[in-house]
Amino acid sequence: MLEIKNLHLEVENKEILKGVSLKIEKNEIVAVMGPNGSGKTSLSYAIMGHPNYKITKGEILFNGKKINELDPSERAKLGIFLSFQYPVEISGVTVSNFLRAALKNAKNKIYSLIEYKKLLIKHMNLLNIDSSFKDRYLNEGFSGGEKKRFETLQMSILEPKLAVIDEVDSGLDIDSLNIVADNIKKIQKKNKMGILIITHYDRILEYIKPDKVLIFDKGKIIKIGDKKLVKEIESKGYKDF
Ligand SMILES: Nc1ncnc2c1ncn2[C@@H]1O[C@H](COP(=O)(O)OP(=O)(O)OP(=O)(O)O)[C@@H](O)[C@H]1O
Ligand SMILES: [Mg+2]
């Protein structure tokens, strides 16, 4: 589904990714690990089409189509979803209104208010999110855990084909982590979506079990393995890789 070939990425005239190649199939979960500053978030921005991250070489293919030049909203329409490491606040826009607009953009489908409310409630129930949540302003005053829950709600309603999930587990207490991980798993199972999950910890990967684990260092993939790699990193760190 997603294929990245020899990707070189530059930001502020600095080369950040130095020839990254990977593939993610439908229903496949790929974990990306690696030390701080190794280029993981930059990879997710490149997949989503962040304008400041320039592809200088290589290509990104989605279902066989080259998407290097597409803007983020066109990529969302193809079914690519990015959950941010640092989500933004948008004042004056409620969760409900934001999601309605996102749905319209990504799915080109306009729901009547009644249909939309029904759909939203269905997804909120699925993820055990309290109904008052929909009327709050987006990320304003959200706790870390609420922000992450919002992202899973967005993922649930948009039903992407590929979700790129960047450190969704950072700053979550154990109970919130369990809920968020469980919700991502539910959505993944339901939609058979591919996942690229960036994390520093093995805990979330015990729920969202990766088929493949990639280790990044200095803008390159330095090792490819399976779940066992995660335990190795947990006990020894990155120095042996
Ligand atoms: N907008 C930017 N301007 C300047 N440098 C940047 C920018 N974005 C990324 N970089 C640099 O690119 C490198 C990779 O950053 P990136 O955020 O991709 O790392 P990461 O692997 O996600 O790290 P972490 O685990 O800390 O989240 C770092 O050296 C970072 O400083
Ligand atoms: Mg990062």
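Draft legend 1. Examining the environment of leucine 17 more closely. Within the element layout of this structure, leucine 17 appears in strand β2 (residues 14–24). Overall, leucine 17 belongs to the buried group, with 28 C-beta atoms counted inside 10 Å. Residues leucine 17 and glycine 219 lie 202 residues apart in sequence; the distance between their C-alpha atoms is 4.1 Å.

Draft legend 2. Just the sheet that holds strand β8 (residues 194–198), in detail. Judged by pairing direction, the sheet is mixed, and its six strands sit side by side in the order β6-β7-β8-β3-β9-β10 without closing on themselves. The open sheet has two edge strands, β6 (80–83) and β10 (220–225), and neither has a second partner. Shown here is a sheet whose adjacent strand axes are inclined to one another by a mean of 20 degrees, direction ignored. Alignment of strand β3 (residues 29–33) against strand β9 (residues 212–217), held across four bridges, turns out to be parallel. What sits directly across from valine 30, in β9, is lysine 212.

Draft legend 3. Highlighting unusual backbone geometry. In this structure, glutamate 167 takes a positive phi of about 50 degrees despite not being glycine. Note on glutamate 167: 21 C-beta atoms within 10 Å, which makes it buried. Although it is not a glycine, lysine 218 adopts a positive phi angle of roughly 45 degrees. Note on placement: lysine 218 falls in the loop between β9 and β10.

Draft legend 4. Representation of the environment of asparagine 128 within the structure. Within the secondary structure layout, asparagine 128 lies in the loop between α4 (113–126) and α5 (144–158). Owing to 10 C-beta atoms within 10 Å, asparagine 128 belongs among the exposed residues under this scheme. In sequence terms asparagine 128 and alanine 46 are 82 residues apart; their C-alpha atoms lie 32 Å from each other.

Draft legend 5. Up close: α5. Under the 1.5 Å per step criterion, the end-to-end length of α5 is 22 Å for 15 residues, consistent within 8% with the ideal 21 Å. Within α5, twelve of the 15 residues are buried, leaving the element largely enclosed by the surrounding structure. What α5 keeps buried is the set Lys147, Lys148, Arg149, Phe150, Glu151, Thr152, Leu153, Gln154, Met155, Ser156, Ile157 and Leu158. Elements in contact with the buried residues of α5: β6, α3 (95–107), α4, β7 (162–166) and α6 (174–191). Of the residues flanking the end of α5, it is glutamate 159, one or two places downstream, whose phi is positive at about 45 degrees.

Draft legend 6. Region of the structure containing the site of ligand 1. Every one of the 14 residues lining ligand 1 counts as a neighbour, but Asn36, Gly37, Lys40, Thr41 and Ser42 are closest to it. Breaking the shell around ligand 1 down by element, the ones donating at least two residues are β2 and α1 (40–48). With three residues, α1 is the largest single contributor of residues to the shell around ligand 1. Taken together, the residues that form the shell around ligand 1 break down as two nonpolar, nine polar and three charged.

Draft legend 7. Focus on the sheet that holds strand β1 (residues 2–11). Spatially, the four strands line up as an open sheet ordered β2-β1-β4-β5, and their pairing is antiparallel. One side of each edge strand has no neighbouring strand; the edge strands of this open sheet are β2 and β5 (65–66). Relative to strand β4 (residues 54–62), β1 runs antiparallel, the two sharing seven bridges. Across the sheet, histidine 8 pairs through a bridge with lysine 57, a residue of β4. Each of β1, β2 and β4 is contacted by α1, which is oriented at about 70 degrees to β2, the strand it contacts most.

Scoring rules and cut-offs
Numbering of residues starts from 1 in every chain and runs along the sequence as written. As they are written, the chains are lettered A onward and the ligands numbered 1 onward, keeping that order. Since the coordinates come from a predicted model, pLDDT governs what is reported: local features require at least 70, and pairs of side-chain atoms require 80 or more to be given and counted, while whole-chain, interface and lining totals use all residues. Here a helix means four or more residues in a row that DSSP labels H or I, a strand means two or more in a row labelled E, and each is numbered from the N terminus. For every residue, the other C-beta atoms within 10 Å of its own C-beta are counted; 20 or more classify it as buried, 12 or fewer as exposed, and values in between as partly exposed. C-beta atoms are placed from the backbone. Two strands are said to pair when DSSP picks up at least two bridges between them. Simply put, an axis is a line fit to the C-alpha atoms, just over the touching stretch for a helix, and the angle between two N-to-C directions goes from 0 to 180 degrees. Given a helix with a known number of residues, its expected span is that number minus one, times 1.5 Å. Once C-beta atoms have been placed from the backbone, residue pairs whose C-beta atoms lie within 7 Å are recorded as contacts. For each residue, a C-beta atom is placed from the backbone, and the residue counts as near a molecule or strand when that atom lies within 6 Å of it. Under the scheme applied here, ten amino acids are nonpolar (Ala, Val, Leu, Ile, Met, Phe, Trp, Tyr, Cys and Pro), four are charged (Asp, Glu, Lys and Arg), and all others, including Gly, are polar.

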